Amino acid sequence: MRLPSESELSKEQREVCQAPLTGTTLVIGPPGSGKTVVAVFRQKTAENLSVPASIAVHNRVLSRFTGLEGTFVTWFNDWWKGFAGQVKPPRIAGGRGYRPVDYSEATKDVLGRYRDRVRSSGHWGHLILDEAQDFSTAVHKLLNLVPDIVFCDAELNDRPSLTILADENQRITEENSTIDDIMETHHLIDNDVYTLTRNYRNTREIALVARHFHVGAATGVPELPTRRGDKPELISTSSINDAVDRIAQYALLHPDQEIGVLVQYKNTRDRLFAALDRQLSSRGIRVQVYDKPASSASLAFDQPGTVTVLCFSSAKGLEFDAVFLPELQTLRVDGAAEDFAKMTLYVMCSRARSRLTIMIDKSTPRHSPLWRILPSAAKLEQLFDIT
Amino acid sequence: MVTDQNFIDFEPGIHGTTRSENVLVLSSSHTVFPLFSRGCLVPAIFEQNSAELPTGAMAAWLPTAVGALPLAWVTEVENTARNVIPIALELKRGLPLRHLDVEGCKIPVVSSSDVSSVLFRNEEELGRFTSWSYDDVDVYALGVPFESRPEAFVAQTAPDDPRERLDNEHIQRIRTRVRSADMLIGLLAATVYISGASRGDIETLRRLLELDVAGDHPMNLDPTLYVADVLFPGSDSRGADTVDGRLLIEALSILAHQPPQTGWPAKEILEELRSRSMDHFNPDSSEAKAIERWAEHCSKVLSSTAYPPLSDDGSLVRRALLLLLMREDPRSLADDTSIAQTIPIGRRVRRLAFQLAGARYGLRALPTDIKFAMVATPSVLLAAASSWFTSLLADLGRQELPKVHISYDLGSGYEGDWTVSLDAQPLWSKAIRVPAGLRKVAEDCRYYGFDVEVLTPYSFAVRGRGEKELVLDVEVSMLSYRPNEDKVRFASRVPSTTKDRRRGAKKASSLKKSDLLDLLKRNSYEDSHGRIAVDAESAEIIVIVDQLIDTMDRDECVSHLRNVSSLAAQLT
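An account of the accompanying structure is given in this report. These figures come from a predicted structure and were not determined experimentally. (Residues numbered from 1 in each chain as written. Chains lettered and ligands numbered in written order. Predicted model: local features only at pLDDT ≥ 70, side-chain atom pairs only at ≥ 80, totals over all residues. Heavy atoms only, no water.)

**Overview of the overall build of chain B**
Convention followed: Under the scheme used here, helices are H or I runs from DSSP no shorter than 4 residues and strands are E runs no shorter than 2 residues, and both carry numbers assigned from the N terminus. For the exposure calls, accessible area comes from a 1.4 Å probe over protein chains only, and a residue counts as buried if that area is under 20% of its type's maximum, exposed if over 50%, partly exposed in between. By the convention used here, residues are in contact when the closest approach between their heavy atoms is within 4.5 Å. Here the accessible surface of atoms and residues is derived via Shrake-Rupley with a 1.4 Å probe, and residues count as covered only by protein chains that are part of the display.
When helices and strands are counted, chain B shows 18 helices and 19 strands. Looking at chain B residue by residue over its 572 residues, the buried ones come to 59%. Nonlocal contacts in chain B, meaning residues at least 24 apart in sequence, comprise 67% of its contacts between residues at least 6 apart. Of the roughly 23300 Å² of accessible surface on chain B, a fraction of 49% belongs to carbon and sulfur atoms.

**A word on the overall build of chain A**
What counts here: Each radius of gyration reported is based on C-alpha atoms, and the globular scaling rule is 2.2 Å times the count of residues to the power 0.38. Neither His nor the chain ends is counted toward charge; the positive residues are Lys and Arg and the negative residues Asp and Glu. The atom standing in for a charge is NZ when the residue is Lys, CZ when it is Arg, CG when it is Asp and CD when it is Glu.
A count of helices and strands for chain A gives 15 helices and twelve strands. Relative to the globule expectation of 21 Å for 387 residues, the C-alpha radius of gyration of chain A, 22 Å, shows essentially globular dimensions. For chain A, the spread of C-alpha atoms along the principal axes amounts to about 65 × 50 × 45 Å. Sequence-distant contacts in chain A: of pairs separated by 6 or more residues, those separated by 24 or more amount to 76%. One way to put it: in chain A the 46 positive side-chain charges average out to a point 4 Å from where the 48 negative ones average out.

**A look at unusual backbone geometry**
Phi angles above zero are rare outside glycine, and His187(A) is one such case at about 55°. Following the sequence through the fold, His187(A) ends up in the loop between α8 (179-185) and β5 (193-195). The exposure class assigned to His187(A) is exposed, which follows from its relative accessible area of 56%. With a phi angle near 65°, Asn83(B) is a residue other than glycine that sits in the positive phi range.

**Observations concerning the environment of Ile185(B)**
On the secondary structure map, Ile185(B) appears in helix α4 (residues 168-194). With 184 residues separating them along the chain, Ile185(B) and Asp369(B) place their C-alpha atoms 16 Å apart.

**As for the sheet that holds strand β12 (residues 385-386) of chain A**
Residue and element names in this part refer to chain A. Just so we agree on the cut-off: Two strands make a pair as long as DSSP finds a minimum of two bridges between them. Note on geometry: axes are lines fitted to C-alpha atoms, helical ones only across the stretch in contact, with angles between N-to-C directions running from 0 to 180 degrees.
Read across the sheet, seven strands follow the order β8-β9-β7-β10-β11-β6-β12 without closing on themselves; strand pairing throughout is parallel. Each having just a single partner strand, β8 (286-289) and β12 make up the two edges of the open sheet. Relative to strand β9 (residues 306-311), β8 is paired through four bridges, and the arrangement is parallel. If you follow glutamine 288 over to β9, its bridge partner there is threonine 308. Sitting on the sheet, helix α11 (residues 266-280) is in contact with β7 (258-263), β8 and β9, with an inclination near 165° to β9.

**Describing the pairing of strand β3 (residues 126-129) of chain A**
Look at any regular strand and the pattern is simple: side chains alternate between the two faces of the sheet. Residues and elements named next belong to chain A. Note the following rule: The definition of a right-handed crossover adopted here requires that, viewed with the strands pointing away, the path from the first strand over the helix to the second runs clockwise.
Taking every second residue as pointing to the same face, both faces of β3 are buried, with His126 and Ile128 on one and Leu127 and Leu129 on the other. Where strand β2 (residues 53-56) lies against β3, four bridges are found, and the strand directions are parallel. Note on β3: the bridge partner recorded for alanine 56 is leucine 129. In this sheet, strand β4 (residues 161-166) lies alongside β3 in parallel orientation, the contact comprising four bridges. Within β4, the residue paired with leucine 127 across the bridge is leucine 162. Remark: the β3/helix α7 (residues 137-150)/β4 crossover connection has right-handed handedness.

**What about the interface of chain B and chain A?**
Inclusion rule: Take the accessible area each of two parts loses on contact, using a 1.4 Å probe, and add the two losses: that sum is the buried area. Each salt bridge in this description consists of a side-chain nitrogen of Lys or Arg and a carboxyl oxygen of Asp or Glu lying within 4 Å of one another. Under the rule applied, a polar contact is a pair of N or O atoms within 3.5 Å (in protein, one hydrogen donor and one hydrogen acceptor; residues adjacent in sequence only if both atoms are side-chain atoms). Three categories are distinguished: nonpolar for Ala, Val, Leu, Ile, Met, Phe, Trp, Tyr, Cys and Pro, charged for Asp, Glu, Lys and Arg, and polar for the others, with Gly belonging to the last.
On the chain A side, the residues contacting the 51 residues of chain B number 46 residues. Of all residues in chain B, the largest losses of buried area upon contact with chain A belong to Glu52(B), Arg82(B) and Tyr134(B), amounting jointly to 17% of the total for that side. Between the two partners, chain B and chain A, sit four salt bridges. The partner of Asp385(A) in a salt bridge is Lys267(B), and the shortest N-O contact between them spans 3.3 Å. In this assembly, chain B and chain A are joined by 27 residue pairs in polar contact (both at pLDDT 80 or more). At the level of elements, α3 (123-130), α8 (266-279), α9 (286-302), α11 (330-334), α12 (336-339) and α13 (347-365) of chain B are the ones that each hand at least two residues to the side of chain B that touches chain A. When the residues that make up the side of chain B that touches chain A are grouped by side-chain class, the tally is 20 nonpolar, 18 polar and 13 charged.

**Describing α3(B)**
Residues and elements named next belong to chain B. Counting buried positions along α3 yields six of eight residues, so the element is predominantly enclosed. Among the residues of α3, those classed as buried are Glu125, Leu126, Gly127, Arg128, Phe129 and Thr130. Buried residues in α3 make contact with α1 (33-37), β5 (86-91), β8 (115-120) and β9 (146-148). One side-chain oxygen at the N-terminal end of α3 lies 3.2 Å from the backbone nitrogen of glutamate 124; it belongs to asparagine 122.

**Details of the sheet that holds strand β2 (residues 23-28) of chain B**
Residues and elements named next belong to chain B. Strand order across the open sheet formed by five strands is β4-β2-β5-β8-β9, with mixed pairing between neighbours. What marks the edges here is a single partner per strand, and that holds for β4 (64-66) and β9. Between one strand axis and the next, the sheet turns through 35° on average, direction left out of account. Sheet topology note: the β2/β5 ladder contains five bridges and is antiparallel. When the sheet's bridge partners are listed, leucine 24 is paired in β5 with glutamate 90.

**Things to note about the state of the cysteines**
This is how the line gets drawn: Disulfides are defined as cysteine sulfur pairs within 2.5 Å.
Counted by the stated rule, this structure contains zero disulfides over all chains. As a non-bridged cysteine, Cys105(B) has Cys40(B) as the owner of its nearest cysteine sulfur, 16 Å distant.

**Digging into the packing of helix α7 (residues 243-256) of chain B against α8(B)**
The packing of two helices is summarised by the inter-axis angle and the distance between the axes. All names here are of chain B. Heads up, the rule is: Working rule for angles: under 35 degrees goes down as roughly parallel, over 145 as roughly antiparallel, 65 to 115 as roughly perpendicular, anything else as oblique. What makes a crossing left-handed is the near helix being turned counterclockwise from the far one by less than a right angle; a clockwise turn instead makes it right-handed.
Axis separation between α7 and α8 bottoms out at 9 Å; the angle between their running directions is 130°. One finds that α7 runs oblique with respect to α8. Judged by the sense of rotation from one axis to the other, the crossing of α7 with α8 is right-handed. Contact residues: Arg246, Leu247, Glu250, Ala251, Ser253 and Ile254 in α7; Ile269, Glu272, Leu273, Arg276 and Ser277 in α8. Its residues placed into classes, the contact of α7 with α8 shows five nonpolar, two polar and four charged.

**Some words on the pattern of salt bridges**
A full pass over the atoms with the stated rule returns 49 salt bridges over all chains. Glu105(A) serves as the salt-bridge partner of Lys108(A), at 3.1 Å between the closest nitrogen and oxygen. Placement of the pair is Lys108(A) and Glu105(A) together in helix α5 (residues 103-111), with a separation of three residues, close to one helical turn. A relative accessible area of 54% places Lys108(A) in the exposed class. Residues joined in a network through salt bridges with shared partners are Glu6(A), Arg14(A), Arg38(B), Glu47(B) and Arg364(B).

What follows is the structure in C-alpha cells.
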C-alpha cells in the first residue's frame, strides 16, 4: 500500500500517525477512515526506528492486501514458535480435523510455564492488529497480558506495544469483540483512544450511496468525505454477459486501476471470473479470483491493470479504485436478512475509492425485496447516474 | 470577518539587524512539512489544506525569537493538537525572518536555504519526527542537521505580539497566490520528469525556468495564460480564440481550484470546461461546435462507452485533456507501461497530460519519487524551488532567479546525459539513450556515406554528398506511435533566404495567407515527394516524409533524404 501524502492528511489522521509507538493505542473508525493507512504508516515508522513490526489481520485476503504473507494465526504461530520451539500452541478440544488455537489456555501457558522464555524471546516489537473487532476477547486478553505481566519490570518504552484498529460496524464473525470489550481488556483510557470520524477512502458521491445502506452501531455514521468524484452508476444489464462486457470495457480503458468485482455467491463469482479472464487476459489485464485459501498466495494487490473477482465475504477490508457489484438481484434480502443485506451493501460499496457501479438484471421486478432496500426513485436519481 | 487567526507576523525590528544569536522560527510537526516538500514555509493559514492544520492564532504567523522561543508560544503550539511536536527552525547566522510583499501585505517566509538546523526539545521527539515517511515528503531532503536542544524552547518572556490584522479577502487572495506559485513549480518538476530532451521539451523547460513570457512577470499576467503559452505556444492571449487555446486556458484555470485534496469529479470538470470554453464563442460558430463534439466524445469515454484515440496524430490539447480526465494521478500518467498496455498513447499527449497533472498537484503534493527524480541533491532542488516560489509570490521579478543552463551531451555515441544547472550547480541530470530503431537508421545513413550528427535522443541531422546525392541539413526524428510500428520522420526546414542559411528557417508568420495556401496546394501535386507543413513547436515551414523503420530499405532512405532536402531548397 502507498504511504499517505502529508498534504492530504486530515488533522485527526495526523494525530494518530504522529502518536508514539509505546503502550497500546486503539484507533476506531468506520470503513475507509484510513485505519489501514495508519497501519502501514506506523509499520513504516517502526521500521525506521529499527523496531520489529508486524501487521496482523483477520483473513487471508487481507493479509495479501497489506503485503504480509501471514494472518494473525500465522503471526501467532511464528511468535509462539519463537519461545516454545516445536511445542504447538494448545488447541480447542474435541472433533477431528482442524482445531483452532485455544487462546485462553495459551494465555495460561504464556503466564505460567513459558513466562521466562517469553520474557527472553517473545518480544514482538510493535504489533498492529487490523480489524481487531473480529478477534475474540481471549486474543485481546493474551495480547494485553504479555506486555503488562510478562514484561512488567521493563520500562514502558521497552515493552511490546500494540496499535489496535477496529470498527464495530464491520463485525463479521461469531467470535468478535465490541469496542468496550477491547477497551476493558486492554485497560485503555480515553487518552489511548483515537477516533477517526471522516471517510477517507471513498469519494463523497460513493459515501453518500454507502451511507444509504448504513445500519447504525456504536461507531455511528461516518462523516462524509470532502473528496469529490463521479456519481456511482446504476446499470440495468440484459444478462450476465452484458455485465461482463461492461466491466471488460472499463478495465481496458483503465489499465492503470485496480478493479474489484464483488458478488454474493461462489457460482456467480466463478462464471464472472471465467468470462472476464477470456476477454481480458490476452489483452494485458490480469484477472484473479479468490476461491480457496490456497489461492490467496497468488493474489496481487496494489497493482494496476488487475481485476479481482471476490465473494462479499472475502472482500471486507479491501479497497479498489473501481468496484463493480454485478448480478445484485441475487442478493438475499428477505425479512430477517434485510438488515444484514443492507450492511453487506454498506461494506461492499465502501470498498470503492473512486468509482462504483451497481448492476442489476433488468428483468428484476420492482417489487422484489432488493428494490425495497435500494433508495427511492427520486433519491436514486440524485445518487446515481442511471443507465 | 476578522477572527483571532487573521493576524500576520510583522517584525520590522528584526530586519537587517546583526546579532550574536540566531533567529529561531517556531513551527510544529503539523505545519512544518511544506518546508520539506516545497522548500518554502508560509503561515499555515495560506496553505490549501489550512482547514486540516491547527487553527487559532498560531496558524497565521511564523513566531520568531532570538536565541530561545518563549515557553508560552511552545505551549500554545502543543495545545493545537494531540501528539504535536514543537519544532524550531534555526536560521543561518545573521539572517532575519524574510518578509515578502504579497497583495499589499507583508508575509513571513522561511526558505529552505535560510535554515541552518532543525531543533527539537528532546531526542525522543527528534526520533519520532525523523521516523515518519510520507508519499510527498522526504524529511531528510532539507540537508540540514536535526538537533535536540531543550534550551531553545524555554524562554520565559515573550516579545510583544507584532502581528497585523488581515481580513478574509486578503487571506484568500494570498492563498490563491500561494497555490499559483506552487502550481508553476509543480509544472516545472513534472516537465523535467517527463521531458525526453526533444527540442520542444527543452524549449518548454527553458521558458518555465526563466519565466520568459513577453518580458512581463508571469504573475502580473493571468498565470493560466502564461502556463498555457509555455505548454502550447499560441494559446496565450493571441491564441485564446482557438478551440485548443481556449480549452487549455480554461482547463488550467479549473485545475487551480482542483488541488488533489478536492478529488476528481471528472464528468463535472468536463462539464465546467465545456461550458466555460463555449461561453467564449458564438454558439453557432465552428469552434463552439467543435468543443461540443469533443465534450460529447469525452463524456462517452468517461462512461466507458467509446474508445479514446490518444496518439499524437490528432489535437494534442484535446487528447491530453481527455487523458487527464481519465486519469489525473501523475504517477499513473508517468507509468507508460501500464498506460500503453491497452490504449496506444502518444508521447506528446502523455507529456502534456502529465504536465497538467503536475501543475494541479503543485510541488508540495507531488510524490517524492517524481519531484526528486533525477535530483542528485534534494536540498538543491528545494533551495531552487524556494527561489522560484518566493519570486512568483512576491513580484520579485526574474533578476532574483538563478541562472539556468540546459545542456545535453551525447558524446560521439548514442548514450549520454542531459543536465539542467542553476548558477552553474547541476540540479537535474537525466540519462538519455537513442532508441534502437533510430540508432539503426543513423548507422545506415553513415553507411551510405552521409555525415550524421546526433542532435537529441530522438533526432539526428544528415548532411553531405553520400555516395552521389547532395543532402543539405535533414533532421531525422523518431515518431513512435505503437510498439513494433516505429516510424521516423525526415524533415528539412525551408531556409529563409537562398544565400544565407544561418538566418534560419522560414516562419509561417512571415508569409501571406495566399502564399501559405499555395504551399498547401503543392501537397496535392502528383510529383510531390514530401509534405509541406508548419512545425507545431517552432512554427517553421518544413518538408517532411514519414516512414516505417522496419520496412525501409537503402533506396527509400536515400530518396527520402534527397526529396525533402531538394524540395525545401526549392521553396526558399
